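Commentary on secondary and tertiary structure
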Amino acid sequence: MPGDPGPSGGLFPGHHFIDFGLPRLDLTTGKLGGLVWASEFVGDAAHETEAPGAPKRMLLINFFATWCAPCFDELQVLNEWQERYGPRGLQVVAINYRLPAEGLVASIELTRTRVPVDLGFPLLFERYTIRNQSAYLGDGEVVLPANVLVDESGRVVHRTQGGQPEVLEELRRIIDSHVDN
């Protein structure tokens, strides 16, 4: 399910999500494992694989960086949201945002020192490129943490940059209005 790419600034509300398959970090071992695909969680295709009567899923894609202290604070908030909203139709995934000069191994090790092992959603890493962060957030300056909220049909409904409390509260209200009650 490829999406229609947005302008050079990435995807904005109304754009269709861009599917990706990224390896998941095992925080215990530090190894990258099986691929997690966005399309596993969004829309009709995802809904067909779940139990009958399960809600269609919304996908909250979070971008975090090892050098971003507010990012790790936000991961804790998103973990609470996954617990609260997951059974009602939300799936959170977090993608490591790396600068071109940052190494994968160093990013993984720093992440392991800053994230609790019991995080309730996948942490994903691009091994060789920064394609997804560019596709979703654009190639310009980005303020982290950043989030892209995709609705059940695969459309971007909200995009945030920065981890200020009011930014998170607005995102929470939007999630609350979309998930099954």
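Residues numbered from 1 in each chain as written. Predicted model: local features only at pLDDT ≥ 70, side-chain atom pairs only at ≥ 80, totals over all residues. Heavy atoms only, no water.

1. As for the side chain of Thr111
Inspection of the secondary structure assignment puts Thr111 in helix α3 (residues 104–114). Relative accessible area serves as the criterion here: at 0%, Thr111 is assigned to the buried category. Setting aside anything within four residues of it in sequence, one finds Thr111 in contact with Leu25, Leu27, Phe64, Thr66, Phe72, Asn96, Leu123 and Phe125. (Helix = DSSP H or I, 4+ residues; strand = E, 2+ residues; numbered from the N terminus. Buried < 20%, exposed > 50% of the residue type's maximum accessible area, 1.4 Å probe, protein only. Contact = heavy atoms within 4.5 Å.)

2. Here's the deal with the packing of aromatic side chains
For the structure on display, the rule yields four aromatic pairs. Between the aromatic rings of Phe63 and Tyr136, the centroid separation amounts to 6.2 Å while the plane-to-plane angle is 45°, which identifies the pairing as tilted. Taken together, the residues span a long stretch of sequence, with Phe63 in strand β3 (residues 58–64) and Tyr136 in helix α4 (residues 131–137) at a distance of 73 residues. Just as Phe63 is buried, Tyr136 falls in that class too. Plain terms: the ring middles of Phe64 and Phe125 are 6.2 Å apart, the flat faces sit at 85° to each other, and that makes the pair edge-to-face. In this pair, Phe64 sits in strand β3 while Phe125 sits in the loop between β5 (123–124) and α4, placing the two residues 61 residues apart along the sequence. Assessed through its relative accessible area of 0%, Phe64 is described here as buried. Assessed through its relative accessible area of 0%, Phe125 is described here as buried. Taken together through their ring pairs, the aromatic side chains of Phe20, Phe63 and Tyr136 make up a single cluster. Taking NZ or CZ as reference, Arg159 lies 4.1 Å from the ring centre of Phe12, over its face. (Phe/Tyr/Trp six-rings, centres within 6.5 Å; stacked < 30°, edge-to-face > 60°. Lys NZ or Arg CZ within 6 Å of the ring centre and 35° of its normal.)

3. Describing the confidence of the model for the protein chain
The predicted coordinates of low-pLDDT regions are not to be read in fine detail. Of the residues in the protein chain, 86% have a pLDDT of 70 or more, and the chain-wide mean is 85. Within the protein chain, β5 carries the highest mean pLDDT (96), whereas helix α1 (residues 43–49) carries the lowest (52). (pLDDT = per-residue confidence, 0-100.)

4. Some remarks on the pairing of strand β1 (residues 21–25)
As paired elements, β1 and strand β2 (residues 32–37) share four bridges and run antiparallel to each other. By the bridge assignment for β2, Leu25 is matched with Leu32. Between β1 and β2, which pair antiparallel and follow one another directly, the connecting turn spans six residues, one of which, Gly30, has a positive phi of 80°. (Pairing = 2+ DSSP bridges.)

5. Observations concerning the pairing of strand β4 (residues 90–96)
Of all seven residues that make up β4, seven are buried, and the element is covered over most of its length. Two elements, β3 and β4, share seven bridges in a ladder whose sense is parallel. Looking across to β4, one finds that Leu60 is bridged to Val92. Viewed along the sheet, the connection from β3 through helix α2 (residues 69–85) into β4 turns out right-handed. Following the chain from β4 across α3 to the adjacent parallel β5, one finds a crossover that is right-handed. (Right-handed = clockwise from strand over helix to strand, strands pointing away.)

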